[in-house]
Amino acid sequence: MTAALFAQVPFEQYRIVNTADLDEARQQIGQVLNSYRLHVIRGRIVHSRLELVPCGRLSLLKLRHGYGADIGIDPDCDGLDGYYLLVLPTQGRAEFHFDGHRIEVSPDKAFLLSPDRPFHFTASHDYEQVLLRLDRAAIADAWHRLTMQEQPPDICFDAVIPLHTPGWQALMPMLQWVARCSGLDQGATVSQAALLAQTEMLVATTLLLHQPHSMAAHLWPAPPPSAPQAIRRAQGYMLEHLGERLPVAMVASHCGLSVRRLQALFRDECGQSPLQWLRMQRLRAVRQALSQDRNADKVSDIAARFGFTHLGDFSRAYRQAFGETPRQTRRM
């Protein structure tokens, strides 16, 4: 699938490394990507090739390093230096090692390397890959646009992007657009330059929205609480503000729910609406106050303290709930 995705890109017109000399290849490739150490596991390297197609600040590369031998690559620095690298294998197999994990990479999955994350990998003798290089600044700009945070954090993405997943399905149209824009560089016309900048932003935003990463919890809201958790949270909030005017919309907003959803939860779990539950708690609070302090505040003052502003309505509700009047409670 990844090979077909870039089949129309004229990579051969942008060949910058084409040699059988291992040292020459390592030096030239290291100038484009990170410098690295290479060792041959088995076989003999007969050819290395690198093509770099400009796409504004993005770079689309096709790399075949070590054709004829199984090789190991160990970057000299601790991870990529200031850029992300989307690895799209087109043939062969490789194994990436980082953080104590081993991940097999083949044409049925993509792989995303984040800056400053140490890694090394081995590759089969026929391994070939297309690479999309994305500057760290592009991810930072996209994060700022999504969150309006002035100081974007360092973001580390989950490495594997399995094909046929929603994340890949979201990313693939962006890659198709990159392939169509390949060959345009920073010397393009004003309209072309704007198109390239927008393409870079779309790729970065798509990754932030669809590929899991270290800051995803700060980008997406927390999932809605379960029914018991939501009800306990709503009840706790209402008890804390027992004497205040408390519209049900305010309670629902505090719980991260719609009014309709909160009302449905209360009906299912409590057999009554949130405001009916709240009124009963207020009546109980008044009854407790009347029982503990029989001679101090007036009944009307106590009722008002717990949110009852209409004395007649309060008296009827109190008698219906407890089978006696507030004054009878006080005399007991």
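Preceding this section is the structure that the text describes.
The following paragraphs examine the structure supplied in this document. Predicted model only: the values in this text are computed from it and were never measured.

Points about the layout of surface pockets
Now for step 1: Put simply, the largest pocket is a space of about 240 Å³.
Now for step 2: Lining the largest pocket are 14 residues; nearest its centre among them are L275, L278, R279, R282 and F308.
Now for step 3: Among the elements of the structure, α10 (274-292) and α12 (311-322) are those that each provide at least two residues to the lining of the largest pocket.
Now for step 4: At 4 residues, the largest contribution of residues to the lining of the largest pocket is made by α10.
Now for step 5: Taken together, the residues that form the lining of the largest pocket break down as 8 nonpolar, 2 polar and 4 charged.

What to know about empty space enclosed by the protein
Think of a ball as big as a water molecule: rolled over the atoms, this probe shows where empty space is left.
Now for step 1: Per the stated rule, a full pass over the model turns up 3 cavities of 30 Å³ or more.
Now for step 2: If you add up the space inside the largest cavity, you get close to 290 Å³.
Now for step 3: Around the largest cavity, the lining comprises 23 residues; the ones closest to its centre are L33, L63, I73, F121 and Q129.
Now for step 4: For the lining of the largest cavity, the secondary-structure elements that each account for two or more residues are β3 (58-75), β4 (83-91), β8 (120-123) and β9 (128-135).
Now for step 5: Per-element accounting of the lining of the largest cavity gives the leading share, 6 residues, to β3.

Focus: the packing of helix α7 (residues 227-240) against helix α9 (residues 259-270)
When two helices pack together, their arrangement is captured by the angle between the axes and the distance separating the axes.
Now for step 1: Here α7 crosses α9 at 100°, and the two axes come no closer than 10 Å. Taken together, the axes of α7 and α9 lie roughly perpendicular to each other. Between α7 and α9, the residues in contact are A227, A230, I231, A234, Q235 and M238 and L262, L265, F266, E269 and C270, respectively.
Now for step 2: Residues that form the contact of α7 with α9 fall into these classes: 9 nonpolar, 1 polar and 1 charged.

Let's talk about the nonpolar core
Now for step 1: Membership of the largest hydrophobic core comes to 40 residues, with the highest contact counts inside it found for F6, L60, L86, L134, W168 and L175.
Now for step 2: For this core, the element with the most residues is helix α4 (residues 166-181), which contributes 8 residues.
Now for step 3: Look past the residues within four positions of L86 in its chain and what remains in contact with it is A110, F111, L112, V130, L131, L132, I161, L171 and L175.
Now for step 4: If you look at the next biggest cluster of nonpolar residues, it comprises 31 residues, including V17, L38, L50 and Y83.

Things to note about the packing of aromatic side chains
For any two aromatic rings, the description comes down to two numbers: the centre-to-centre distance and the angle of the planes.
Now for step 1: As enumerated under the stated definition, the model contains 9 aromatic pairs in all.
Now for step 2: Seen in terms of ring centroids, F314 and Y318 are 5.7 Å apart; in terms of plane orientation they differ by 55°. Their pairing is tilted. One end of the pair is F314 and the other is Y318, both in helix α12 and 4 residues apart, which spans about a single turn.
Now for step 3: Aromatic ring contacts, followed pair by pair, group F96, F98, F111, F119 and F121 into a single cluster.
Now for step 4: It is R133 that lies over the ring of Y83; its NZ or CZ is 3.8 Å from the centre.
Now for step 5: Lying over the aromatic face of F322, R287 brings its terminal NZ or CZ to 4.7 Å of the ring centre.

Analysis parameters
- Residues numbered from 1 in each chain as written.
- Predicted model: local features only at pLDDT ≥ 70, side-chain atom pairs only at ≥ 80, totals over all residues.
- Heavy atoms only, no water.
- 1 Å grid on protein atoms, 1.4 Å probe; cavity = no way out; pocket = protein on both sides within 12 Å on 5 of 7 lines; lining within 4 Å.
- Points joined across faces, edges and corners; volume = space filled by probe spheres on them.
- Helix = DSSP H or I, 4+ residues; strand = E, 2+ residues; numbered from the N terminus.
- Nonpolar A, V, L, I, M, F, W, Y, C, P; charged D, E, K, R; others polar.
- Axes fitted to C-alpha atoms, helices over the stretch in contact; angles between N-to-C directions.
- Parallel < 35°, antiparallel > 145°, perpendicular 65-115°, else oblique.
- Contact = heavy atoms within 4.5 Å.
- Core = buried A, V, L, I, M, F, W, Y, C linked by side-chain atoms within 4.5 Å.
- Buried < 20%, exposed > 50% of the residue type's maximum accessible area, 1.4 Å probe, protein only.
- Phe/Tyr/Trp six-rings, centres within 6.5 Å; stacked < 30°, edge-to-face > 60°.
- Lys NZ or Arg CZ within 6 Å of the ring centre and 35° of its normal.

Function-wise, these values are silent; they only describe arrangement.
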